[in-house]
Amino acid sequence: MVRSAIKLFLLLLSLGYMMLWFMMPTKLYFEHWLPKIRAKTKSIYFGQQGSTMLICTFPILFIATLGCIYLHLGKKHGDHNVEGVPTSKLKQPVIVKGPLGIVSWMELSFLTMFVVLLAWSTTSYLNGMFTHIDQMASRSGLLVWEAKLEMSGLTLGLVGNICLAFLFFPVTRGSSVLRLIGLSSEASIKYHIWVGHIAMTIFTAHGLCYFVFWAKTEQLSQVLKWGKIEVSNMAGEIGFVCGLGMWATSLPQIRRKMFELFYYTHHLYILFIVFFVFHVGFSYACIVLPGFYLFLIDRCLRFLQSQQRVSLVAARILPCQTVELNFCKSPEVNHSPTSIIFVNVPAISKLQWHPFTITSNSNMDTDKLSIVVKSEGRWSSDLYQKLSSPLPMDGFQVSIEGPYGPPASTHLLRHDTLVLLSGGSGITPFISIIRELLFKASSGSSTRIPHVLLICAFKKSIDLAMLELILPVSGTTVDISCLQLQIEAYVTREKGADENNHKPLQTVCFKPNATDAPVSAILGPNSWLCLGLIISSSFLMFLLLIAILSRYHNSNMVYASSATAGFNMLFMCIAIAMTANATFLWNKKQNRKRLRQIRNMDTPPVWFNNGDRELESLPYQSLLQATNVHYGERPDLKKILFERKESSVGVIASGPREMRQEVAAICSSGLADNLQFKSISFTW
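Not measured: the values here are computed from a predicted model. (Residues numbered from 1 in each chain as written. Predicted model: local features only at pLDDT ≥ 70, side-chain atom pairs only at ≥ 80, totals over all residues. Heavy atoms only, no water.)

Undergrad: Residues and numbers for the packing of helix 8 (residues 185–216) against helix 9 (residues 233–249), please.
TA: For any two helices packed against each other, one specifies the crossing angle of their axes together with the interaxial distance. Put simply, helix 8 and helix 9 touch, their axes get as near as 11 Å, and they point 140° apart. It follows that helix 8 is oblique to helix 9 by the angle criterion. Handedness of the crossing formed by helix 8 with helix 9: left-handed. Across the interface between the two elements, H197, M200, T201, F203, T204, F211 and W214 from helix 8 touch N233, E237, F240, G243, L244 and W247 from helix 9. The residue makeup of the contact of helix 8 with helix 9, split by class, is seven nonpolar, five polar and one charged. (Axes fitted to C-alpha atoms, helices over the stretch in contact; angles between N-to-C directions. Helix = DSSP H or I, 4+ residues; strand = E, 2+ residues; numbered from the N terminus. Parallel < 35°, antiparallel > 145°, perpendicular 65-115°, else oblique. Left-handed = near helix turned anticlockwise from the far one by under 90°. Contact = heavy atoms within 4.5 Å. Nonpolar A, V, L, I, M, F, W, Y, C, P; charged D, E, K, R; others polar.)

This is the structure we're talking about:
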């Protein structure tokens, strides 16, 4: 009953917040609602920015905090989605090719609503500004078209701020807001890309309008204006240049070929936001503050987690230039299939972080977390060379952020058959899915387990060794025959098997350092409550600090608007850093005793004591019996999918974009209504 009440309240609050965005451009809001709100909320402690924070900032932070309580109660009572319910048709792909990538009906609907909001806001602002444009032009000594150009530039700036308000929500990895609407950070990263492109297009037009206006009215000196009270033009131009740098390097042609340039240039977002606040003033910047505030909290927590060195206990080296890394983890760290972690290896690069799919299963491997890295770039090749080197290594320092992933795996059980389509290293998400289903099948659960068809394509036969990673390396023997698994492997560039490629897996064990820790959650087992505490307490501390500043501002000292904005941004960072660090250290202190016991282990866990896998073992023989290898051909995806006769078939594709687009086109063709498609891809 408590969760139902919270859910209803969150729904009403969210609808009210969305309605606010539609009302902001209207005369009713500016001439009637806003003056009344400012009159009732006027205070010597918060000034004019108090009403803006109350209207635009507080609702979202309250939703995020209350959402943390809702999610904690759901976790406490074992809340799961109802199994056996087919996936909504709204999640089926409608666009499979083009600049937007693979888009579902639901995503297209929300994108259309967002575009309608931008169009409505543009029309409303222009209608209000053009009503008395003739009188305004005559008072200013301007031509009518010049006055319209100036007002058009202002309108574009106001509309671009709407995009900026939603820009940071999709990249907040541990967000309660995303989890409330059923999204994960890796699935919503494309929304950040969409909104970013729209925002920079609008801001570019905003800047061009003003440059043309200043040139035509002989006011080019306005370019260097940094007003004490009014809008600071120069600050906006600096922020715009930073935004152009991020926008240019984020284009696919540059991002895919020079990812490091894209990654490091994207850190200009700090300067972009700082100079944006200087440009418009902190009071108006409160409109875009909520998303960035939650992002800062998430970024601070990720930084705290990344400072710890984790225990890499072993690595399994495959002959196909692939390595499996196995870390020791705390038992309270749970993750769903297809979850990811970000990995940093200081010995290779102190700055580079790379995302990898977790292949272990948190139910089957309570004290282990594993990922698979295939040598496909300079960083991964250097990692493989270091681990496969014959020189002995006493330890290997690694830092981790995460895990991040979908909230639950119950969608896997909604179908009669799961068809998993992978290309190359795209098989890694399916290892965790198969292990999850294998655990449920071997645990004697009454839940119906779907039939699993794995279609995997490799370039060479030596890559078939990756199939061995499907079997867990836990100490207990798991009979894979209890799972209805069929594997169809395709080797596209070889006509037959190469006997020289059949080499056993090699295992390298490491002795943990005394300073290493197991992989642990950022905020411990009660992470949602801790996150809610950080959001609420940091915001209260932030309000207290700006109240003190505003009190002195009105009595003893007078600050320029840019100085006030600088102080407020500093106070926001201080409040977030203090509360996040305090909560993180408190959780670390609570877990110190258990972590000390794990650090004092002198030998690797039992799952590696036996060295390499015995090829004659029963699980391995069962895996061989379930596998059919096809040489010199590619899988006929259309035939494979259309021949499925089950009432519900879940199709999951992972791998190259071209393959995922082909599968999405087949599933969206309408010729087979029983196919329900999901794409797994990471765009970093």
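Still to come is the rest of the account.
Undergrad: Could you give me a rundown of the sheet that holds strand 9 (residues 417–423), with the residues and numbers involved?
TA: The strand order across the open sheet formed by six strands is 13-11-10-9-14-15, and the pairing between neighbours is parallel. Whereas interior strands pair on both sides, the edge strands pair on one side only; in this sheet they are strand 13 (627–631) and strand 15 (675–680). Pairs of neighbouring strands in the sheet enclose a mean axial angle of 15°, with direction left out of account. Relative to the sheet, helix 16 (residues 428–442) contacts strand 9, strand 10 (451–458), strand 11 (485–491), strand 14 (649–654) and strand 15, its axis offset from that of strand 9 by approximately 155°. (Pairing = 2+ DSSP bridges.)

Undergrad: Describe a positive patch on the surface, listing the residues and the values that go with them.
TA: A contiguous patch of positive charge, built from K459, K460, R493 and R634, is present on the exposed surface. Along the chain, K459 falls in the loop between strand 10 and strand 11. Judged by its relative accessible area of 49%, K459 falls in the partly exposed class. (Patch = residues over 30% accessible without salt bridge, like charges linked within 9 Å, V, L, I, M, F, W, Y side chains within 5 Å. Areas by Shrake-Rupley, 256 points an atom, 1.4 Å probe, with all protein chains shown as cover. Salt bridge = Lys/Arg side-chain N within 4 Å of Asp/Glu carboxyl O. Lys, Arg positive; Asp, Glu negative; His and termini not counted. Charge placed at Lys NZ, Arg CZ, Asp CG, Glu CD. Buried < 20%, exposed > 50% of the residue type's maximum accessible area, 1.4 Å probe, protein only.)

Undergrad: A description of the packing of helix 4 (residues 105–130) against helix 6 (residues 144–166) should follow, citing residues and the corresponding values.
TA: Closest axis-to-axis distance for the helix 4/helix 6 pair is 9 Å, and the angle between their directions is 150°. Between helix 4 and helix 6, the interaxial angle falls into the category roughly antiparallel. Our pair here, helix 4 against helix 6, has a crossing hand that is right-handed. In contact with F114, L117, L118, S121, T122, Y125, L126, M129 and F130 of helix 4, helix 6 contributes K148, M151, S152, L154, T155, L158, V159, I162, C163 and F166. Among the residues forming the contact of helix 4 with helix 6, the class breakdown is 14 nonpolar, four polar and one charged.

Undergrad: Pulling in residues and values, what's your account of a nonpolar patch on the surface?
TA: A grouping of L8, L11, L12, L15 and M18 is seen on the molecular surface, where their side chains present a nonpolar patch of about 490 Å² in accessible area. Residue placement: L8 occurs in helix 1 (residues 2–23).

Undergrad: Can you explain helix 1? Please cite residues and give values.
TA: The end-to-end C-alpha separation of helix 1 is 32 Å, in line with the 32 Å expected for 22 residues at 1.5 Å each. For helix 1, the complete set of buried residues consists of R3, I6, L10, Y17, L20, W21 and M23. (Expected span 1.5 Å × (residues − 1).)

Undergrad: With reference to specific residues and values, describe the nonpolar core.
TA: Core analysis: the largest hydrophobic core is formed by 95 residues, its most contacted members being Y293 and F542. At 12 residues, the largest contribution of residues to this core is made by helix 3 (residues 48–76). Non-local contacts of Y293, meaning those with residues more than four positions away in its chain, are made with L61, I535, S538, F539, F542, M572 and I576. Membership of the second largest hydrophobic core comes to 38 residues, among which are L438, A465, L505 and I680. (Core = buried A, V, L, I, M, F, W, Y, C linked by side-chain atoms within 4.5 Å.)

Undergrad: Describe in detail the packing of aromatic side chains, supporting the description with residues and values.
TA: For the structure shown, the criterion picks out 29 aromatic pairs. Geometrically, the ring pair formed by F168 and F292 is edge-to-face, given 5.0 Å between the ring centres and 70° between the ring planes. Remark: F292 occurs in helix 14 (residues 289–306) and F168 occurs in the loop between helix 6 and helix 7 (176–180); sequence separation between them is 124 residues. Each member of the pair, F168 as well as F292, is classed as buried. A centroid spacing of 5.5 Å and a plane angle of 55° characterise the contact between F259 and F262, whose relative ring orientation is tilted. Placement of the pair is F259 and F262 together in helix 11 (residues 259–265), with a separation of three residues, close to one helical turn. In textbook terms, an aromatic cluster arises when at least three aromatic residues are bridged by ring pairs, as seen for Y17, W21, F114, F166 and F169. Between R3 and the ring centre of Y70, over which it is positioned, the NZ or CZ distance is 4.0 Å. We note K148 situated over the ring of F130; from NZ or CZ to the ring centre the distance is 5.5 Å. (Phe/Tyr/Trp six-rings, centres within 6.5 Å; stacked < 30°, edge-to-face > 60°. Lys NZ or Arg CZ within 6 Å of the ring centre and 35° of its normal.)

Undergrad: Any details on the state of the cysteines? Residues and values, ideally.
TA: Tallying each qualifying case throughout the model produces zero disulfides. Cysteine C56 shares no disulfide, and the gap to the nearest cysteine sulfur, in C286, comes to 7.8 Å. (Disulfide = S-S within 2.5 Å.)

Undergrad: Quick rundown of unusual backbone geometry? Include the residues and the values.
TA: Comment: phi is negative for the bulk of residues other than glycine, and the bulk of peptide bonds are trans. Going from G402 to P403, the amide bond is cis rather than trans, its omega being 5°. Its place among the elements puts P403 in strand 8 (residues 399–404). Positive phi, close to 55°, is recorded for Q321, a residue that is not glycine.

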